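# Coordinate inspection notes
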Amino acid sequence: MKLWTGRFSKEADKITNDFNSSIATDSRMYRDDIEGSIAHATMLGMTGIISPEDADIIISELKKIESEITDGSLKIDMEAEDIHTFVEGELTRRVGDPGKRLHTARSRNDQVALDIRLNLVKECESIDELLVKLISVLADMGEKYAYAVMSGYTHLQRAQPVTFGHYMLAYAEMFLRDRERLADCKKRMSRSPLGSCALAGTTYPIDREKTAELLGLDGICHNSLDGVSDRDFIIEMSACLSVISVHLSRFSEEIILWCSHEFKYIELDDAFSTGSSIMPQKKNPDIAELVRGKSGRVFGDLMTILTVMKGIPLAYNKDMQEDKDCIFDAVDTVKACLTAFIPMIETMTVKTENLRKAAAGGFINATDCADYLVSKGLPFRDAYKITGGIVAACIEKNTTLEELPLEEYGKFSDKFDDGIYEAINLDNCVKGRTSLGGPAPENVLREAERVKKLLNDER
Ligand code: ARG
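Residues numbered from 1 in each chain as written. Predicted model: local features only at pLDDT ≥ 70, side-chain atom pairs only at ≥ 80, totals over all residues. Heavy atoms only, no water.

### Quick notes on helix α3 (residues 30-46)
- Taking 1.5 Å of rise per residue, 17 residues should cover 24 Å, and α3 covers 24 Å from first to last C-alpha, within 8% of that figure.
- Looking one or two residues past α3, glycine 48 carries a phi angle of roughly 80 degrees, positive in sign. (Helix = DSSP H or I, 4+ residues; strand = E, 2+ residues; numbered from the N terminus. Expected span 1.5 Å × (residues − 1).)

In structure tokens, the structure reads:
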């Protein structure tokens, strides 16, 4: 069915129709489209714009159409221009005149703006569920590995001691912020543009607040031009998804490094790794690599929507039909990444003895050695310099701070006594870092608890 019969004396060329069509993308919004139409028809009936009988006929047939599409007995016609055209056409084919009344005081412009919002609100929720799952896995690991000393890095050089639990909770923090961002974005998205109509509202006595309420949205878009033109919420959600992707990608990079032979900090479960077709010894972290790679797609999707929107005047322009492919791609990509990433992390083996070994070899207790001298009364800058000399001597002798004999320490400062070995013991180094947010096991356990409580309190 074509919606604009009347003005035209000729059918559109097939090329035009094919190029114009968005059904391949927007058919995934059939539920949202029907939900919006049901709310609109209800409002039209309540305000007397159409008769209550017509409203009832429309609503009950729309419900049937929805369940038939869902159970597969009604196939969406891929020749239709878009999902809105298809649903309205099918309704009219079935019920006649009442179907033709549904589009009173409505345009596909406000209709599509609503459908995307309804659809993405639900997607925000399902992505949030995945984030919750990931964070809860990380909180468990925070607890489990609160005492597992490892080296923290700067410049990918061993720097200071932390624990694996502390490391996992660092990522938990990022994903917690991602949840906040998504929730905030969802708040602005949960507005009804319905009633903006084509661009200039309508002369019919519609009740926009009622439709918003029926749809469970937080309110209306206050300006009809903006209501049909705004795609900020897509830009914003794409940005949120991009940040999630940055976090997943950084985490993936660590996983890839950590399961390399050079690090051997973790081993991925066989069920979440892959082999090589030629090298029998290989066990590859393909999931992590793909997650890292797919972040590029998600950033690309953000660039797409920014570029599509930047130069178009108010109100609706067909350019805006390009809004859906990119956001749906970003949504699907992030969901797929999280779905694979979570069990990969959950099932990996952490090689705590290797973490420990690497931590012992990296002079990561040098700051603690300097702090020891500070505790003996030296200014930090002097202590720093002395310790630097000791590290250089250790490197030359191919030994560590732990193994350097006291008499050697004595050559650098007379402040050293046996207590130095206590001070630079890695467990003690971590244990002493009790500053808020630091890696001391008592902190890490408390933080893991806090994160878990946060998630639990929401339930
Ligand atoms: N398929 C269109 C889209 O996704 C629906 C809105 C069409 N409106 C119009 N005036 N042609 O943007």
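Following the structure, the description resumes.
### Observations regarding the environment of proline 285
- By the secondary structure assignment, proline 285 is in the loop between β5 (266-267) and α12 (286-309).
- Sequence-wise, proline 285 and methionine 150 are 135 residues apart; in three dimensions their C-alpha atoms are separated by 21 Å.
- Setting aside its immediate chain neighbours within four residues, proline 285 contacts Ile256, Cys259 and Leu268. (Contact = heavy atoms within 4.5 Å.)

### Points about the pattern of salt bridges
- All told, the structure shown has 44 salt bridges when counted by the stated rule.
- Of the charged contacts in the structure, one is a salt bridge between lysine 133 and glutamate 346, with a shortest N-O distance of 3.4 Å. Here lysine 133, found in helix α7 (residues 108-144), pairs with glutamate 346, found in helix α13 (residues 323-347); they are 213 residues apart in sequence, far enough to count as distant.
- A residue is classified by how much of its surface remains accessible, and lysine 133, at 38% relative accessible area, is partly exposed.
- Here lysine 452 ties to glutamate 143 by a salt bridge, and the two come within 2.5 Å at their closest N and O atoms. A residue pair is termed long-range when its members are at least 10 positions apart, and lysine 452 in helix α20 (residues 441-458) and glutamate 143 in helix α7 qualify at 309 residues.
- One salt-bridge network, in which partners are shared between bridges, spans Glu61, Lys64, Glu68, Glu90, Arg93 and Arg94. (Salt bridge = Lys/Arg side-chain N within 4 Å of Asp/Glu carboxyl O. Buried < 20%, exposed > 50% of the residue type's maximum accessible area, 1.4 Å probe, protein only.)

### Some remarks on the site of the ligand
- Close contacts around the ligand come from Ser22, Asp26, Asp82, His84, Arg108, Asn109, Val112, Tyr316, Gln321 and Lys324, and that covers them all.
- Between the ligand and the protein, one listed contact pairs a nitrogen atom with a side-chain N or O atom of asparagine 109 at 2.9 Å.
- A distance of 2.7 Å is found between a nitrogen atom of the ligand and a side-chain nitrogen or oxygen belonging to glutamine 321.
- Surface burial for the ligand is 87%, taken as the share of its 350 Å² of free accessible area covered by protein chains.
- If one sorts the elements of the shell around the ligand by residue count, α7 sits on top with 3 residues. (Near = heavy atom within 4 Å. Polar contact = N/O pair within 3.5 Å; in protein donor to acceptor, adjacent residues only side chain to side chain. Areas by Shrake-Rupley, 256 points an atom, 1.4 Å probe, with all protein chains shown as cover.)

Purely geometric stuff here, so don't read any function into it on its own.
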